[in-house]
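Observations on the model geometry
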Amino acid sequence: MEKLITYFKLSKAELRKVIFPLKEQVRNAYITVFIVVAVISVFLALVDWIMSSIVSLVI
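Residues numbered from 1 in each chain as written. Predicted model: local features only at pLDDT ≥ 70, side-chain atom pairs only at ≥ 80, totals over all residues. Heavy atoms only, no water.

**A word on the packing of aromatic side chains**
This is how it is decided: The rule is short: rings of Phe, Tyr and Trp, with Trp giving its six-membered ring, pair when the centres are within 6.5 Å, and they are stacked under 30 degrees, edge-to-face over 60, tilted in between. When accessible area is computed with a 1.4 Å probe and restricted to protein chains, residues below 20% of their type maximum are described as buried, those above 50% as exposed, and intermediate ones as partly exposed.
Going through the model one piece at a time under the given rule, you end up with one aromatic pair. Both rings, one in Tyr-7 and one in Phe-8, keep their centres 5.6 Å apart while their planes meet at 65 degrees; by these two values the pair is edge-to-face. Under the relative-accessibility criterion, Phe-8 is labelled exposed at 52%.

Here's what the structure looks like:
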């Protein structure tokens, strides 16, 4: 039982060391991820369209 109590005390001490992000930081990260995913999606759609056009011309 003492090991369990020690585990919880150490866990609580470690959680005090954690620095959680602010709302602004989370929002900025979300916007950045959204923009990167959108750009990559457009790029892949363009590559897919070009490749399918080339295959259509060959066939």
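This is not the end of the story, as more comes after the structure.
**Side note on helix α1 (residues 2-17)**
The cut-off we apply is this: Helix and strand assignments come from DSSP, with helices taken as H or I runs of at least 4 residues and strands as E runs of at least 2, each series counted from the N terminus. Given the number of residues in a helix, its expected span is that number minus one, multiplied by 1.5 Å.
Counted at 1.5 Å a residue, the expected span for α1 with its 16 residues is 22 Å, and the 23 Å between its end C-alpha atoms agrees. Of all 16 residues in α1, zero are buried, a share of ten percent or less.

**Focus on the pattern of salt bridges**
Put simply, the rule is: A pairing counts as a salt bridge when a side-chain nitrogen of Lys or Arg comes within 4 Å of a carboxyl oxygen of Asp or Glu.
On inspection of all chains with the given rule, the structure shows one salt bridge. Across the salt bridge formed by Glu-14 and Lys-17, the nearest N and O atoms sit 3.2 Å from each other. With a gap of three residues between them, Glu-14 and Lys-17 both fall in helix α1, about one helical turn apart. Overall, Lys-17 belongs to the exposed group, its relative accessible area being 59%.

**Focus: a nonpolar patch on the surface**
Stated formally: Each patch is built from salt-bridge-free residues with over 30% relative accessible area, joining like charges within 9 Å and nonpolar side chains (Val, Leu, Ile, Met, Phe, Trp, Tyr) within 5 Å. We get accessible surface area from the Shrake-Rupley algorithm with a probe of 1.4 Å; when it comes to residues, only the shown protein chains can shield them.
Together, Val-36, Ile-40, Phe-43, Leu-44, Val-47 and Met-51 line one region of the surface with nonpolar side chains, adding up to about 560 Å² of accessible area. The class for Met-51 is exposed, based on a relative accessible area of 51%.

These figures come from the coordinates and say nothing about function on their own.
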